[in-house]
Structures are given as C-alpha cells and as structure tokens.
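Listed here are the chains, written in short residue letters.
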Amino acid sequence: MASRALYSPRHPVLKKRDDFEDVLEERRRSSDLRYALRCYTPTLYKGLVPCKVSMLKSIVLQSDHLQCVIKQVSSESGDSTECVAEEASLILDEMAHRMQLSTVRFFVFTLSKAFKRLFRSVCVNEEGIQRLQQAVQEHPVVLLPSHRSYMDFLMMSYLLYMFDLPLPVIAAGMDFMSMKFIGEMLRMSGAFFIRRSFGGDKLYWAVFSEYVKTMLRKGYAPIEFFLEGTRSRTCKSLTPKTGLLNIVMEPFFKGELFDVSLVPVSISYERVLEESLYARELLGVPKPKESTSGLLKARRVLSEDYGSMHVYFGHPVSVRSLAEGKIKRSQYNLLPRYIPQKPSVDTHEFLNDAAFRLVRIQEENMVLKPWVLIATLLLQNPDGMDLSSLTEQTDWLRHLALAFGAFLDWPDHEACSEVISCSLALHRRLLSVSAGHVQLSVTDAPQVETTPEEAVFQRAVVVLSCASYRNQILHVFLRPALLAVAMQSANSSRKDDIYNCFNFLRNMFSNEFILCPGDSVQDFEEACYLLMKRGVLQVLEHEIVMSASGQSTLAFLCSVLEPFLQGYQVVCRYLCEETNENLTEKEFIPAVRSFALKLILAGRLKCCEALSSDLQKNALAALLRLKAVRKVKVGDQVTLKVNKIAVNSLEDTMGKSDVISK
Amino acid sequence: MASNSSSSSAQQRLRIIAGHLQKRPEDEHASVAAQECKAETPRSNPSSAAPVPKRRQEIMKWNGWGYSDSRFLFNKKGQAEFTGKRYRLSGLILPSLKDWFEGTFGANLQHKSPATPTVNLSAVAPPNLNEPFIEDLKAAGVAASHDPEDRVFRAHGHCLHEIFALREGRIGRVPDMVVWPSCHSDVEKIVELACKHNVCLIPYGGGTSVSSALECPHEETRSIVSLDTSQMNRILWIDEKNLTAHVEAGIIGQDLERQLNEHGYCTGHEPDSMEFSSLGGWVATRASGMKKNIYGNIEDLVVHIKMVTPRGVIEKSCLGPRMSTGPDIHHFILGSEGTLGVVTEVTMKIRPIPEYQKYGSVVFPNFQQGVACLREVARQRCAPASIRLMDNEQFQFGHALKPQVSSIFTSFLDGLKKFYITKFKGFDPHHLCVATLLFEGDRGKVLQHEKQVYDIAAKFGGLAAGEDNGQRGYMLTFVIAYLRDLGMDYYVIGESFETSVPWDRVLDLCRNVKERIVRECKERGVQFPPLSTCRVTQTYDAGACVYFYFAFNYRGLSDPVHVYEQVEHAAREEILANGGSLSHHHGVGKLRKEWMKESVSGVGLGMLKSVKEYVDPQNIFGNRNLL
C-alpha cells in the first residue's frame, strides 16, 4: 500500500488530501501549564525493547559493529584499542541525546506561549496523525520533515507530544551545540548532534551509525532527520542526502527489522521567521553564528505576525515495499552483519531514487498560501502591478495552479480581492502599496545615503525574500515550464526535438530542482498531459502544437524559469569571460557575485536573483556534473579548470535569449 | 527417574534377545541375509512385523498421511481423539484440542470439508504402456503392475497441493506402471531395459517427499515407470568388528531400526518421517535425523553406497572410513533426488543400543533466551542427542495435544506447575517457550550431561520442566502430519518447511519469516490470522536448522492451494533474503528448483548438469528434480 502511495499515478491533480485542524485553538482556551504537566502516555511500538538512555550508550559501545571498527582503527593507527574505545566513548558523549520528559514539558509550556504569539494557527492533518499512530505500533518509524526553519523540529516534537505519540530523537547539526544552554536543552528534549562533515572518519561514522541503528532496532523512539540535510534558505527543496537514509534502511536490508516506516512530513509557513535572514545570507552577508544571545536578540521576531503554519503528515512509506525487487537482501548473506559494508552501486542508486521520491512527496504535500501566487506575479512584474490586474491575474494563476495539482490553501468563502489584501498586509515588509499600485520595494527606508551597490543589495534582499515564496510553488509549475522553455528554444514542433531540449534543460537544472534521476520521460509526459488538459497544447503523435489560447500560459511558464536561465547564463558568461587560470573554488562565489553586481550596475542585467549564492552553487555543480568544469587539487587549494568551449556551448543551448545585453 | 515408557522396556527385552544372538558362532554373524537374491526368499530375520506390502493402499491412506487405522477425529461430543493402536496417543481423548483448533484458526466443527472417500478410478488416465519393455521385463521376472490404485498411490508425495487434489478426487499424471525389484540385480535389469526401450524411471521409496519430487512431469511423453524399492528391504550383513551394516536401500526406517535392535544395534538415524521413509530416500535427499548430534546426518552415516545408473553401477572399491580420492563420489549421489539412478545398497555405521535414554524439557521466558541457550550449548559442544526449541505458538499447540489426565491429582499438579512458572517466576504465558531434550548413553554420563545442559539453561533463565513435556514435544513431530489431515477436514490447510541459518541470524529469520507469512495471508484475503510458528530443531557449530509450521483457515477463498503456494513462495524468498538456505533436509525436488541457481551459483548448477548429462544422457531418470 505504502509503496503505491510513493509511486502514485503521475497525475497529481487526482490526489486526495486530508483536511486540517488547528491545534492552537485548544491551546488558546485552556491552561498551558496544566497542559505541559498532563499525563503523557504515548502509543508504543509493539516490538519495543525497553531501554534507558544510559543503557543505550553501553549497548552502542559494546556492539559487535563498533568493536570491530575499533579494532580496525586501532590496527591502522597503532593506538591501543582502549585508547580508540575511549575516543569512541567521547564521540558518543558529544553526540548522544539525553531525553527527559521534564525538559520536554518545559518546552511544551514555553512553545505553547510562543506559538500562540507567532502564529494565527497551526494546522495539522489529523488523519495523518492517526496513520502515524498506527505505523508507530507496527514498525520502527523514521520521521522525515521538510526543513525551512529552526521551528521545524521544535514543532514536530511539540505536535507528537500533543497527540500522545512517542517523542522522536532528532539528528541535529553540531552548530546548535555551541549555543550553550539551548544546546543542552535541545539535547534533553531528544536532539542528538552530528558533525557537519566527517567524511573519512571511520570511527565517527561507526559510532554515529550504530547509535542510530540501535535506537531504531530497539524501537527506542522514532528517528527524525532532515533528508535535505540543512535548512533550505530558498524554500526550494534541496537535493536530498542519502547517508542517514542508508543508516535507517540498513537494519531492514540486513534482516534485523521486518520493516521500517518512513513518514515524510511537510511543514509550510505562511511567513518564514528567517525570511530576510536567509536573503542576506544568500547575498553573502555571513550567517550569524548560532548563539544564545543571538537568539534573545531575535526576540523582536516574537512581536510579529507570521500567519498560519501547516504540518502535513504524509502516508507512511514502507522500506520493505520500496525495496521490493530493487534490493537483493541476500547480498548481505556472505559477510557477518557487524562488519561495515559500503552500499553497493545498486543500493546507492536505490537510496538516491528513494530519497528523491520522498522529497517529492514532501513537496507535493506542502501547503501553499495565496501569497505564493502573488509573489510569483510580483516578481514577474518588477515595476509593480495595479491592484485590479493583480487580483485578476492571481485568480487566473490560482486556477492554473489547482489544475496542476497544487495543494493550495485558499479561503473558501472570501472574495479574491479580500484574500489578496490580507496577504499583502501580512507581507507588508516586502511591498509598497500606493494608489492601487503594488510593487516589491524596500520598506526599511534607506537611512542617509547609500552607495549604488548597497541599493542593489537592499533591493536584492527584497527580491530574494519574495522569491523564497515563489519557490514554494515551483515544483508545481516546473515540468510544464521546462516544456514551455523547450518549445520556445527548440524552434520546431517535432516532439523529438522538443523532448531533446526538455531533457537538456532538465539535466541542466537537476541540481536546482527536485527532478528524480531517470524520470525524464515521465516528467515530459506529465508536462504534456497537464498542458494538454489545460488546452494549451495539442500533443499529436510526432508533434506538439500550441493552441491559440495557450500563448499566455506558455509565456507565464517561461518567465517562471527566466531568473534561473539568466542566473545560469551569468555564471557561464563569467566563467568564459572573466576567469584566469587559477580560479579557486573558494573564490568562485564572491567573484561571480561581483561579476553579476557589475552587470546590474551597468544596466545589462535586470535580474537580482543572479546574485544568489544558492543559484551560483547549483550552476557550478551542474557544470561540474556535465564536465564543463573540472576540479583540480593544487596543493591544499581546489582550483576550477574551465572548458570554455563546453561552457559556451551550454550557455548557447540554454536559450540564446541574450538576456544579458551587451 | 529412568524413562519408564513401554518402548524403553521393549528395548531392554530386545537387548536380551540381541545378547543371545551374539553368542552365535563367529562365522555366522556376518550373514544375516546374504543369500541368493530371489524375490520370494523366506526372510531369515525373526522380525514379527510385516514389511511394506506391494499394495500399500491396503494399510495406508491413499489420500492422507500414514496408516489407515490411525487418524484424528472429533467425536460426537466434539472431543478430539486419535484412533488405532499404533501410537502412544492412540485411543486417547485430547480434551483441549478443539478449543485450540477453533481458537487458533477460527475454524468451526460445523463447517466440514470432507475428502472424497475412495479413488475415482475412472479419473485415472489409461496407462501409456511400452509393450516391448513390459515383455522384456516379464522375461526378466520382475514384478510389475499397472493397476490404477497402485499407480495413483505412487504419483505423489505429501505436499499440500498433492494431498489436497487427492482429497478432492482430482488425479493428474500418474505413472503408467509400477515395478518392484527385489534386489540390486533386478534394478540393473530394469535400468538396462529402460535405456533400451527409452522408458522414464522414477524411483519411489517411502513416498514421504515434500518437494514435489514424485510428481510426474506433465511434459513427459514416454511411458513413466515407478520403481518401487520397498521389496529390497533386507539387512544383508552386520559387521560387528567395524560396526557397520550392509542394507538394501528400500528398507524403511522403522524396520531397519527394529531389525538392528534385535541384534542389539541401531543406526540412530531418526528423521521425523522414519515410520515410512526409506534408506534410499534418505540418501537421495540428504536426510537428517533428530539424533544427529550423536549419530550424525545421513552423509556421516554412510560408508558405502551402491547406485545403478544408466551408465552402470557406481560404488567405491573399499569400506575405508575416509578417502582422499578427488571429490567424494558419494556426494554426487547424496541429494541427487532420483535424477541419476537408483540407490540399491548402502553400508551404514551402526552403534550398540544406548543403555539409557532420558527426555527432558526447559521453559524459557521468551524465544530469544531460548535461542541464546541453544547457541551456548552448541558453542560448548554439549548438545544432547536432540535439543529442540519451540516458540510460544508451538508450545501452546503442544499443550493442546495433552491427553485427558487420569487423576485429579495429576491435573492439580499441572495447575501447580503452571502457577509456579507464570505467577511465581513471572513468565508471560504468551512469550514463554520450551526446549525439549533427549539424552542417550550410559546412565552416569547421561545424568552428568543432563546437569551440564540444565546448568547452561539456568544461565539463560531456563527452568527444568519435566520429562513429560519433553516427550510430548517429540510425539508432536510424529503426529503432526496426521493432524494436517484433521485440519483439512475442517477447512484448514497447512504444511511445514525448513531451512538452516547461521546462529546470529536465527532470531531475525524466525521473526521475519513468521511475520511475512502473516502479512502475505492478510494481503491475499485469508480471513483469519494464520498459524505461523517455528522451532529450532537442530544445532550445529555454525548455525541451526529452523522448522516452520504454517496453516490457515481457507473458508472464503476460491483457490486456497494457490494462496497457500504463494505464501509459501514468499516465505521461502524471505528465508533466502535473511541468510537461510534453500533446504536443510527436505531437498529441492521440483518445488524449489527455481532457486537452485541462486543457491549454488551458475557454475555449480552447470557442474551438476554435466554430471547428469554424463550419467544419464537419455534422461531415463526423468523426474526432473533439482536441475
């Protein structure tokens, strides 16, 4: 059943989704303190092996797997096994959570207060909760929330407590730990900390993976981690990481568990708390180091209205059903199971595919607010729009989005203009509205004089903030938009030519958007289907023809991708024109940024999104993947060797639209 | 304390007889039956028990397990009883079986699914006879028959689908005739004639196969001849100096054991099917006996094998206990499943009958602890003759087979025991499980050994639970096949299957396979949760043999056998995915052929195929098992 949910028919329009209920409503009516102290009796896993936090540590340290790695490391490094074991123990101390209910209760109390101030409502699909309650009893559960804000995991634990579900243990980045007090608090509410990078550290990996697996095998608690690895600064889903996914699946592969349930959770915010923070970060203003005092300063945040928040618990996905016919479990028969084994090529491919599909589920279940549509339109009209035409177009876009299967939370019985003015009010920090004219603009009035550069950056902050909302709906338009651009650049109505263009673009952007590897044909067919159904295209046996009425839709779809096409072209142009022989990887981002800034200041480039480091990184990753750029290690520096001919030809194929006027 | 069962006192008597026999003059000891092979030679051995008759259907069921006179039934009062006089359980009432049966399967005594009472002979296709072959055979003086009952009886083993079809009166392809060689040279003649006239031969021993090995391949167009070895059933000689016996391969287990007992010996090879399975069948399937810890499995027991193949006779030239002469040719024969030839004579190791036998049992709080204990016993290499661990479901099953107790005192004692274990010791009756033990040897050593094993068990939370429980556990294995027939009278079908697996995977495999069965049943529309239970039946240095019972109520299913087969298939996939083997001792037959390549690699399968090609290029032994 679960696998069917994952490999659902490709026509998302037919998708049925659960209803929501506001969980804050109850909180506004009764005492938070009593609530925090109420009797908490979670539903438990039927195979639970009761186990205390302290026991957990010794089980991990004594495990055959860890003992085996300790011996390996000891014989490789020449240190005594006691010494290595001691190191393992320290790693575990640094990592392990110390969940205790009293801390959780404290959090429940304070978060109740905070959430009520921050959000108008927190909506949860209760059917999802019921499914989770069922799943939790049957098999060990892994929770896979999307990651857009620090709020995410606090909210997850809060909700699970609320619904008497077992509290999860959460894989958190080490950066939290440096926040002295908060770090420890989080630890006591179930967070465990992993270093951001430990690529070659065998011992670290062994401790970490054994720790997670032990908790999973014992049914100790649901494991929660973020497939995307980190918070998405752009509100676009990030290319998933497979390391932790492999760890939680391995007990199934090796027969230690009958099955594991993966539960994708989509958390969406009407207004992201970190909105402008992210934009600044993308523009190169370094991220403030997480610190408790920093958090306190962020108290200003508490006084603002962040609208509503939606949490959608997806259908549990059974690892067993996922792996059926894809993973040959008997490949693990010939090696004792405690000896660590790198995933085989097949396994790796499977993990990657599964990870993408799970992120796709997250995307599809992400609730979109009306503002997302408005933001999309405002970004396409940098000179602003009349309120009336904004209203009209938003309504048009709303129907298009719904036809493409968007999970839109549009108030049922309100006039369109009403809905729009509400949204504009909530996001007033990004806009100016005067005399019926709406425009994205810098609202924090520029004090004193600003240099032209500063002005560009201030404007870019607004644009990137706004883009983070548009980005939420990109996954809905992405495939049709790729098709629209492909049709434009193919200059032909032959289906094969258009598919080739589509495939090229898809390939080019596969670091930018979630495009499941190998799904090219399905994606193409889905795009054709959606646009055909909308009456935009006629898809014949060998040809694709635009309908008379389709022009506006195609134009809209093309301009959805425009900022990305332009951004990639800027990167290509930079690599062709400006680079010398010794461009290091580190210099790349700042250099492209100043190149783009120069173009903007010169009036040759309109699009501020080219300044986003996220886009620049993705473009570079794509060029590396397509082998137009190579990484070469020189000393301790990594330099980029550019194949200018290849880069040039990629840039040409991308559209020749010459957005960057000379 | 000593086992006071009737069987043991009978053994004592036999030992005395054996003692008399041993006083015979030296030169006679080695000639129990070394006479000219003649079909109707009067038997020299003084056994009173009748050998297997040619018309087996006269004493055995044609569409179920075992003897016609022995079967389970629910009497008018709704109580289960076991008919006949052959078993300890015979004639007894089993008061708790009904509740267990109804509770476990959701079955109902009102809902019967009775079997067709007699063979519908008109449904048996007329034989496809090879006349020249028959004439030559007649000239050679080999007994033969093409009576439909004889042919139907030899067309199947005891797989569920085979028995189910018979009960419904459905009869598929059956052998076209049956031949009964009475000695090695008869077999040589038959095989020669089969080659000459291109006839397909299917060797038939005890007929207890559970791998579809006896099924006639439907694509076979030649005349199929079932070669019934049952008349080759003599012990040809016993060599007390070397402790070996030379035996014709058609002898069935219980006759072999009984006859050896008369001389004071035993082979100690006791597979659960030993009442009916034959020595040749054991060799051909790599059988395993319950007491292998002392005596070894069949491959450890054979010293010499003679097999007739289309290429001629294969055998070794001496009786040396071990040889380094290239790959052991015995291993081409062991497990060949009737694809290469007919095993005619086997020289086997024998042992003096043990002085003392004692059953025992241990209760563990849960299955994990039980497995840990068995693993420790194996590590210390102190396994008793037999040690088996039943899971909780099987423990309850065993309990349901407790006969009516004779006195209030016994039932009071039972209650007390139960109270002690569940209330005082805190064992959860839904988790506890039982290990059954059988010790053999001289008295002092048995008692010492017993203490050692119980001490280990105690370390894993095990409590000694008496001889009676132990003995009942072993009884279960002999009557389980009869019980299946009872189930089939009430819409319940089931079967057992087995595997072997390394120690560290035993628990995971058991859990996953059991759960897979439950899941698959649910997905395929089985209305009631199935019985899905297992036990660890053998311990080895590096792993264990695990046996699964699986049964369900099939009311409401249009094609129950198909559902059964799909679930069993899924269960086997699960076993293989969890590091279990394709089979520990049931063999491959045609049922598990599809996994052979995966199990032994393409090269391995190629080696086996090339042996088959050399030995039997015409595919005379055309049962199409294994390869």
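Residues numbered from 1 in each chain as written. Chains lettered and ligands numbered in written order. Predicted model: local features only at pLDDT ≥ 70, side-chain atom pairs only at ≥ 80, totals over all residues. Heavy atoms only, no water.

(A) Quick look at the overall build of chain A. Helix and strand counts for chain A come out as 26 helices and 16 strands. Computed over C-alpha atoms, the radius of gyration of chain A comes to 25 Å, within 12% of the 26 Å expected from 2.2 N^0.38 for 662 residues, which places it in the range of a compact globule. Dimensions along the principal axes, computed over C-alpha positions, put chain A at roughly 70 × 60 × 60 Å. In chain A, which comprises 662 residues, the share counted as buried stands at 56%. Long-range contacts, defined as pairs at least 24 residues apart, comprise 78% of the intrachain contacts of chain A with a sequence gap of at least 6. Put simply, chain A shows about 28,000 Å² of open surface, and 54% of that area lies on carbon and sulfur atoms. Both charge centroids of chain A, one from 78 positive and one from 75 negative side chains, sit 3 Å from each other. (Helix = DSSP H or I, 4+ residues; strand = E, 2+ residues; numbered from the N terminus. Rg over C-alpha atoms; globule rule 2.2 N^0.38 Å. Buried < 20%, exposed > 50% of the residue type's maximum accessible area, 1.4 Å probe, protein only. Contact = heavy atoms within 4.5 Å. Areas by Shrake-Rupley, 256 points an atom, 1.4 Å probe, with all protein chains shown as cover. Lys, Arg positive; Asp, Glu negative; His and termini not counted. Charge placed at Lys NZ, Arg CZ, Asp CG, Glu CD.)

(B) Structural view of the UniProt feature "domain: FAD-binding PCMH-type" (unreviewed entry) in chain B. Feature annotation in UniProt places "domain: FAD-binding PCMH-type" (unreviewed entry) on residues 171–353 of chain B, given in this structure's numbering. A helix fraction of 23% and a strand fraction of 26% characterise residues 171–353 of chain B, whose end C-alpha atoms lie 44 Å from each other. (UniProt positions renumbered as here; feature names shortened; annotations may be inferred.)

(C) Structural context of unusual backbone geometry. All names here are of chain B. The phi torsion at R286 lies on the positive side, around 60°, for a residue other than glycine. Here R286 shows up in the loop between helix 8 (279–285) and helix 9 (292–295). Non-glycine residue L626 carries a positive phi angle of around 70°. Assignment of secondary structure puts L626 in the segment after helix 19 (596–615).

(D) Inspection of the sheet that holds strand 5 (residues 177–180) of chain B at higher detail. Residues and elements named next belong to chain B. Strand order in the open sheet formed by four strands is 4-5-7-6, and the pairing between neighbours is mixed. With one partner strand each, in any of the chains shown, strand 4 (143–145) and strand 6 (200–204) form the two edges of the open sheet. On average, each strand axis in the sheet is tilted by 25° relative to the strand beside it, whichever way the strands run. Where strand 6 lies against strand 7 (residues 224–228), five bridges are found, and the strand directions are parallel. Paired with Y204 across the two strands is D228, which belongs to strand 7. (Pairing = 2+ DSSP bridges. Axes fitted to C-alpha atoms, helices over the stretch in contact; angles between N-to-C directions.)

(E) Broad picture of the interface of chain B and chain A. Across the contact, 14 residues belong to chain B and 16 residues belong to chain A. Considering only the side of chain B, the residues that lose the most area to chain A are R505, E515 and R519 of chain B, jointly responsible for 39% of the buried surface there. On inspection of chain B and its partner chain A, the count reaches 13 residue pairs in polar contact (both at pLDDT 80 or more). The set of elements that each furnish at least two residues to the side of chain B that touches chain A consists of helix 17 (506–523) and helix 18 (560–577) of chain B. No other element matches the six residues that helix 17 of chain B contributes to the side of chain B that touches chain A. Taken together, the residues of the side of chain B that touches chain A break down into two nonpolar, three polar and nine charged. (Buried area = accessible area lost by both parts, 1.4 Å probe. Polar contact = N/O pair within 3.5 Å; in protein donor to acceptor, adjacent residues only side chain to side chain. Nonpolar A, V, L, I, M, F, W, Y, C, P; charged D, E, K, R; others polar.)

(F) Quick peek at the sheet that holds strand 13 (residues 342–349) of chain B. Residues and elements named next belong to chain B. Taken together, five strands build an open sheet; the order of strands is 8-9-13-11-12 and the sheet is antiparallel. Either end of the sheet is taken by a strand with one partner, and the two such strands are strand 8 (235–239) and strand 12 (312–314). Each strand of the sheet is rotated relative to its neighbour by a mean of 10°, with strand direction disregarded. Pairing analysis gives five bridges linking strand 9 (residues 244–248) to strand 13, with the strands arranged antiparallel. Paired with H246 across the strands is T347, a residue of strand 13. Seen against the sheet, helix 7 (residues 253–262) touches strand 8, strand 9 and strand 13 and runs at an angle of roughly 45° to strand 8.

(G) Layout of the environment of H310 of chain A. Residue and element names in this part refer to chain A. If you trace the backbone, H310 turns up in strand 8 (residues 308–313). On the basis of relative accessibility, which here comes to 4%, the residue H310 falls in the buried class. Placed 17 residues apart in sequence, H310 and I327 show a C-alpha to C-alpha distance of 35 Å. Those residues in contact with H310 that lie beyond four places of it in its chain are F20, C123, S266, I267, S268, V367, K369 and D409.

(H) Geometry of the pairing of strand 21 (residues 543–553) of chain B. All names here are of chain B. Counting buried positions over the eleven residues of strand 21 gives eleven, a clear majority of the element. Here eight bridges tie strand 20 (residues 531–539) to strand 21, and the two strands are oriented antiparallel to one another. The residue bridging T533 from the neighbouring strand is Y549, located in strand 21. A loop of three residues connects strand 20 with strand 21, the two strands running antiparallel in sequence.

(I) Here's a closer look at the pairing of strand 16 (residues 637–642) of chain A. All names here are of chain A. Direction of pairing for strand 15 (residues 629–634) relative to strand 16: antiparallel, over a ladder of six bridges. Of the residues in strand 16, the one forming a bridge with V632 is T639. In sequence, strand 15 turns back onto strand 16 through a hairpin of two residues, with G635 there showing a positive phi of about 60°.

(J) Inspection of the nonpolar core at higher detail. The biggest cluster of nonpolar side chains holds 228 residues, and the ones touching the most others in it are L245, L262 and F313 of chain A. Sequence-distant contacts of F313 of chain A, defined by excluding residues within four places in its chain, comprise V124, N125, G128, I129, R131, L132, M156, L159, L160, V263, P264 and V265 of chain A. (Core = buried A, V, L, I, M, F, W, Y, C linked by side-chain atoms within 4.5 Å.)

(K) Spotlight on helix 12 (residues 367–379) of chain B. Residue and element names in this part refer to chain B. End to end, helix 12 covers 18 Å across 13 residues, agreeing with the expected 18 Å (1.5 Å per residue, within 8%). Burial in helix 12 covers these residues: F367, G370, V371, C373, L374, E376, V377 and A378. Where the residues of helix 12 are buried, they touch strand 15 (356–364), strand 16 (386–390), strand 17 (433–441), helix 15 (443–459), helix 17 and strand 20. Looking at where helix 12 begins, the residue whose side-chain oxygen comes 3.3 Å from the main-chain nitrogen of Q368 is N366. At the exit of helix 12 stands R381, carrying a positive phi of roughly 50°. (Expected span 1.5 Å × (residues − 1).)

(L) The arrangement of a negative patch on the surface in detail. Negative charge collects at one region of the surface, where E324 of chain A together with E523, E573 and E594 of chain B lie side by side. Mapped onto the secondary structure, E523 of chain B falls in helix 17. (Patch = residues over 30% accessible without salt bridge, like charges linked within 9 Å, V, L, I, M, F, W, Y side chains within 5 Å. Salt bridge = Lys/Arg side-chain N within 4 Å of Asp/Glu carboxyl O.)

(M) Structural detail: the side chain of T267 of chain B. Residue and element names in this part refer to chain B. With respect to the helices, strands and loops of the structure, T267 is situated in the loop between strand 10 (265–266) and helix 8. By relative accessible area, which is 1% here, T267 ends up buried. Looking at T267, its side chain comes within polar contact range of the side chain of E257, at 2.8 Å. Polar contacts involving the side chain of T267 include one to the main-chain amide nitrogen of H269, which spans 3.0 Å.

(N) Representation of helix 22 (residues 520–533) of chain A in the model. Residues and elements named next belong to chain A. Here helix 22 is 14 residues long and its end C-alpha atoms lie 20 Å apart, about the 20 Å a rise of 1.5 Å per residue gives. Listed as buried for helix 22 are S520, D523, F524, E526, A527, C528, L530 and L531. Residues of helix 22 that are buried sit in contact with helix 18 (387–403), helix 20 (452–490), helix 21 (495–508), strand 13 (537–539), strand 14 (544–546) and helix 23 (551–577). Positive backbone phi, approximately 80°, marks G535, located one or two places after helix 22.

(O) Quick peek at the confidence of the model for chain B. Residue and element names in this part refer to chain B. Confidence in the prediction for chain B averages 90 pLDDT; 91% of positions are at 70 or higher. Residue range residues 16–36 is modelled with pLDDT below 50. Its contacts to residues more than four positions away, or to other chains, number 32 contacts. The ipTM for the predicted assembly is 0.87, set against a pTM of 0.90. (pLDDT = per-residue confidence, 0-100.)

(P) Quick peek at the packing of helix 23 of chain A against helix 26 (residues 644–653) of chain A. Residue and element names in this part refer to chain A. The interhelical angle for the contact between helix 23 and helix 26, taken along N-to-C directions, is 155°, at an axis separation of 9 Å. Classified by the interaxial angle, the pair formed by helix 23 and helix 26 is roughly antiparallel. Where helix 23 crosses over helix 26, the two elements pack in a sense that is left-handed. Residues Q569, C572, R573, L575 and C576 of helix 23 form the contact with helix 26, whose own contacting residues are K644, V647, N648 and E651. In the contact of helix 23 with helix 26, the residues fall into four nonpolar, two polar and three charged. (Parallel < 35°, antiparallel > 145°, perpendicular 65-115°, else oblique. Left-handed = near helix turned anticlockwise from the far one by under 90°.)

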